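# Geometric and topological summary
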Amino acid sequence: MDRIRELVNLIHSLAPKDKKLKIMNVCGSHEHTITYSGLRSLMPKNIELVPGPGCPVCVCSESDIINAINLSKRDDVILATYGDMLRVPTKVGSIRSSGGNYLMVSAPHEVLKVALENPQKKVVFFSVGFETTTAPTAALLEMGVPDNLFILTSQKLTPEIMEVLVNDSEVGVDAFVAPGHVSAIVGSKAWEIFPKNYGIPTVVAGFEPENLLLAIVKILYQIKKGKAELENVYKGVVKPEGNRRAQELIYKYFYKTSVNWRGIGYIPDSGLELKEEYGYLDAKKVFNLPEIKEEKVPGCICHEIVLGKSYPTDCKLFKKVCTPRNPKGPCMVSHEGACNIWYRFS
Amino acid sequence: MCVGVPMKVVEINYPMALAEAKGVKRRISLMLLPEGEVKVGDYVMVHVGNAIEKIDQKEAEEIWKALEEVIEAMEGGS
Ligand code: SF4
């Protein structure tokens, strides 16, 4: 506790007196710590801690979810996915409310057993997430999968969406707290472009309140010195080059391409699809899945929250109509969604 | 689904392993780390059932201490 007080005092003494600073985190777990530990209230008035695109569930395209729902309604299919995905609302309901053949898994390799035990069914793993879930899906493929197992991919890339953010003047990010575990995969070097090309101080942090505060201190030191550098305060887990084997496996099976971010649209090179030679595993190809036109949820500003342009409290539906029990938009569903986190802890 | 949890490896049958955290055992995959890099007794950071990095015991314990609160809150939450 003393250490926390010490860091908070340091933040107050280092904070510039004359200007506002927007420090963005791009990780649901960071946002969780910030909100749950009340770090926002400990900050000087002119320092804003903004949640960014740290919630894969929140940006998973509606088209992919509706395709998953339609697959789960087929008699010959079992759809397996992470628990967070089951309740995400779309214009046709959620995977769970549709009542099809779905199954929750907490690790990709769990679908192997499902496929082996159900040889008469086609098992589709709906693989959603950023690098921390892409690598495990690549690991599953590397293990070798039975003929009746297919992958419906909705994988997105963190550094790429952050670059979109810094180019958007409306967002105006002054510094990044880079996500610890995504960094464990891609390496802290992946964020080098932000200080180098955009002059944005970037610090890789873990998930303890103390570690996050330390990252903010480092950022403020840099700003005070008029510098922009890449620093890493989560060295016990994150190496500069990241997990090489994980990177190799990801790009053995996937290639970078333009993908659809819910409410935001297609962004070039911001996601991953299975390579041509693995087309036989690709549920989009095997089941000939169409691109379904997205419909915005009336009133939901989740897409703006994800980009750091609005806060959950700016949404008229927040807490009144939209709650974790009855989520109207994707940001209220996942424990990594800003609306869900703010609902529970603030 | 993005919460990383440190676990102790108690049995290895590469690429699979049995790992433990706070008395809970779970089958995890070591596929993302080269064969032989992780030994029984080592600590790893686990994401959706996959060890993504080897970490030392001190780091694991520190993260656990902080995570305990968070996980409790998450499970207690809706
Ligand atoms: S409170 Fe609900 S409706 Fe409003 S932005 Fe968040 S998820 Fe969307």
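Residues numbered from 1 in each chain as written. Chains lettered and ligands numbered in written order. Predicted model: local features only at pLDDT ≥ 70, side-chain atom pairs only at ≥ 80, totals over all residues.

This paragraph deals with the sheet that holds strand E11 (residues 265–274) of chain A. Residues and elements named next belong to chain A. Sheet architecture is open: 6 strands sit in the order E4-E3-E5-E6-E11-E10, paired in mixed fashion. What marks the edges here is a single partner per strand, and that holds for strand E4 (102–105) and strand E10 (254–261). The average angle at which neighbouring strand axes cross in this sheet is 30 degrees, direction not considered. One ladder, built from 7 bridges, connects strand E5 (residues 122–129) with strand E6 (residues 149–156); its direction is parallel. Across the sheet, residue Val124 finds its bridge partner in E6, namely Phe150. Of the strands in this sheet, strand E3 (77–82), E4, E5, E6 and E10 touch helix H5 (residues 62–72), which is tilted by about 140 degrees from E3. (Pairing = 2+ DSSP bridges. Helix = DSSP H or I, 4+ residues; strand = E, 2+ residues; numbered from the N terminus. Axes fitted to C-alpha atoms, helices over the stretch in contact; angles between N-to-C directions. Contact = placed C-beta atoms within 7 Å.)

Let us look at the domain arrangement of chain A. Residues and elements named next belong to chain A. Domain boundaries in chain A define domain 1 (2–55 + 159–232) and domain 2 (57–157 + 242–286). A straight line from the C-alpha centre of domain 1 to that of domain 2 covers 31 Å. Domain 1 puts 14 residues into the contact, and the matching count from domain 2 is 15 residues. Broken down by element, the side of domain 1 that touches domain 2 gets its largest block of residues, 6 residues, from helix H10 (residues 180–186). Taken together, the residues of the side of domain 1 that touches domain 2 break down into 10 nonpolar, 3 polar and 1 charged. (Domains from an automatic or database assignment. Nonpolar A, V, L, I, M, F, W, Y, C, P; charged D, E, K, R; others polar.)

Turning next to the environment of Val5 of chain B. All names here are of chain B. Relative to the assigned elements, Val5 resides in strand E1 (residues 5–13). Once the C-alpha coordinates of Val5 and Ser29 are considered, the two residues, 24 residues apart in sequence, prove to be 14 Å apart. With near-sequence residues (within four places) excluded, Val5 lies in contact with Ala21, Val46 and Leu67.

Generally speaking, a soluble globular protein has its nonpolar side chains buried in company with each other. Ile23, Leu79, Val124 and Phe176 of chain A together with Val44 and Ala51 of chain B are the most contacted members of the largest nonpolar core, which has 128 residues in total. Counting residues per element, this core draws most heavily on helix H12 (residues 209–225) of chain A, which supplies 7 residues. Not counting the four nearest positions on each side in its chain, Ala51 of chain B is found in contact with Ile28, Leu30, Leu32, Leu33, Val38, Val44, Met45 and Val46 of chain B. (Core = buried A, V, L, I, M, F, W, Y, C linked by C-beta atoms within 7 Å. Buried ≥ 20, exposed ≤ 12 C-beta atoms within 10 Å, placed from the backbone.)

Residue and element names in this part refer to chain A. For helix H2 (residues 28–36), the buried fraction is high: 8 of the 9 residues fall into the buried class. Of all the positions in H2, only Gly28, Ser29, His30, Glu31, His32, Thr33, Ile34 and Thr35 are classed as buried. With its phi angle positive at about 65 degrees, Gly38 sits one or two positions after the end of H2.

Residue and element names in this part refer to chain A. For E10 and E11, the ladder comprises 7 bridges, and the chain directions are antiparallel. In the sheet register, Val259 faces E11, and the bridge partner there is Ile267. Between E10 and E11, which follow one another and run antiparallel, lie 3 residues, and Gly263 among them has a positive phi close to 75 degrees.

Right, let's get into the packing of H2 of chain A against helix H16 (residues 338–345) of chain A. Residue and element names in this part refer to chain A. Direction vectors running N to C along H2 and H16 enclose 20 degrees, while the axes themselves pass 10 Å from each other. It follows that H2 is roughly parallel to H16 by the angle criterion. Note on packing geometry: the crossing formed by H2 with H16 is right-handed. For the pair H2 and H16, the contacting residues are Glu31, His32, Thr35 and Tyr36 in the first and Ala338, Ile341, Trp342 and Phe345 in the second. For the contact of H2 with H16, a count of residues per class yields 5 nonpolar, 2 polar and 1 charged. (Parallel < 35°, antiparallel > 145°, perpendicular 65-115°, else oblique. Left-handed = near helix turned anticlockwise from the far one by under 90°.)

A separate point is the pairing of strand E8 (residues 202–205) of chain A. Residues and elements named next belong to chain A. Residues Thr202 and Val204 line one face of E8 and the alternating positions Val203 and Ala205 line the opposite face, and both faces are buried. Sheet analysis places strand E7 (residues 175–179) next to E8, joined by 4 bridges and oriented parallel. Bridging across to E8, Phe176 finds its partner in Thr202. Sheet analysis places E8 next to strand E9 (residues 230–232), joined by 3 bridges and oriented parallel. The residue of E9 that forms the bridge with Val204 is Asn232. In terms of handedness, the path from E8 via H12 over to E9 forms a crossover that is left-handed. (Right-handed = clockwise from strand over helix to strand, strands pointing away.)

The next subject is the sheet that holds E9 of chain A. Residues and elements named next belong to chain A. With respect to topology, 5 strands assemble into an open sheet ordered E2-E1-E7-E8-E9, the strand pairing being parallel. For this open sheet the edge positions go to strand E2 (47–51) and E9, each flanked by a neighbour on one side alone. Along the sheet, successive strands turn relative to each other by an average axial angle of 20 degrees, direction set aside.

So, on to unusual backbone geometry. The step from Tyr14 of chain B to Pro15 of chain B runs through a cis peptide bond, and the omega angle for that step is 10 degrees. By the secondary structure assignment, Pro15 of chain B is in the loop between E1 and strand E2 (16–21). In this structure, Lys319 of chain A is a non-glycine residue whose phi angle is positive, near 70 degrees. With 13 C-beta atoms counted inside 10 Å, the residue Lys319 of chain A sits in the partly exposed group.

Close to the ligand lie 15 residues; Cys300, Cys315, Cys322, Gly329 and Cys339 of chain A are nearest. Among the residues forming the shell around the ligand, the class breakdown is 12 nonpolar, 2 polar and 1 charged. (Near = placed C-beta within 6 Å.)

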